[in-house]
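Descriptive analysis of the structure
These are the residues of each chain, in order.
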Amino acid sequence: MEEIKISDEYIKLGQALKLAGIASSGVEAKFMIEDGIVTVNGETELRRGRKVRPGDMISVEGNQVKVSRL
């Protein structure tokens, strides 16, 4: 499981995927989300701008990322 640390209250889902290294660009993150392969806390998420906060879990095809505070 990967962990990303943020200093703000939240990060947008597309940015989180890039920060975790799952997506190499915003466009790639957008396509992953649109394809329905991204879940946040176990639910499929189709919004790239979804606010992800510390404690949230993101999953993409077996890759899990936990968001935590710096």
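The paragraphs below set out a description of the structure included in this document. Keep in mind it's a predicted model, so treat the numbers as computed, not measured.

1. Some points on the overall build of the chain
The number of helices and strands found in the chain is two helices and seven strands. Order of helices (α) and strands (β) in the chain, N terminus to C terminus: β-β-α-α-β-β-β-β-β. Each of the three principal axes of the chain carries a C-alpha extent, and together these read 30 × 20 × 20 Å. Within the span of the chain, comprising 70 residues, buried residues form 36% of the whole. On the chain, roughly 4300 Å² of surface is accessible, and the fraction owed to carbon and sulfur atoms is 43%.

2. A closer look at the sheet that holds strand β3 (residues 38–40)
In space, the five strands of this open sheet follow the order β1-β7-β6-β3-β4, with mixed pairing throughout. Taken across any chain shown, the strands that pair with only one partner, and hence form the sheet edges, are β1 (2–6) and β4 (43–44).

3. A closer look at unusual backbone geometry
Among all residues save glycine, negative phi is the norm, and among peptide bonds the norm is trans. With a phi close to 55°, asparagine 41 is a non-glycine residue in the positive phi region. Phi is positive for glutamate 61, which is not a glycine, with a value near 45°. Within the secondary structure, glutamate 61 is located in the loop between β6 (57–60) and β7 (63–69). Glutamate 61 gets classed as exposed once you look at its relative accessible area, which sits at 65%.

4. Topic: the environment of leucine 46
Relative to the helices and strands, leucine 46 is located in the loop between β4 and β5 (51–52). The class of leucine 46 is exposed, set by a relative accessible area of 55%. Considering only alpha carbons, one finds leucine 46 and isoleucine 33, 13 residues apart in sequence, at a separation of 5.3 Å. In contact with leucine 46, other than residues within four places in its own chain, are Ile33, Glu34 and Gly36.

Cut-offs used in this document
- Residues numbered from 1 in each chain as written.
- Predicted model: local features only at pLDDT ≥ 70, side-chain atom pairs only at ≥ 80, totals over all residues.
- Heavy atoms only, no water.
- Helix = DSSP H or I, 4+ residues; strand = E, 2+ residues; numbered from the N terminus.
- Buried < 20%, exposed > 50% of the residue type's maximum accessible area, 1.4 Å probe, protein only.
- Areas by Shrake-Rupley, 256 points an atom, 1.4 Å probe, with all protein chains shown as cover.
- Pairing = 2+ DSSP bridges.
- Contact = heavy atoms within 4.5 Å.

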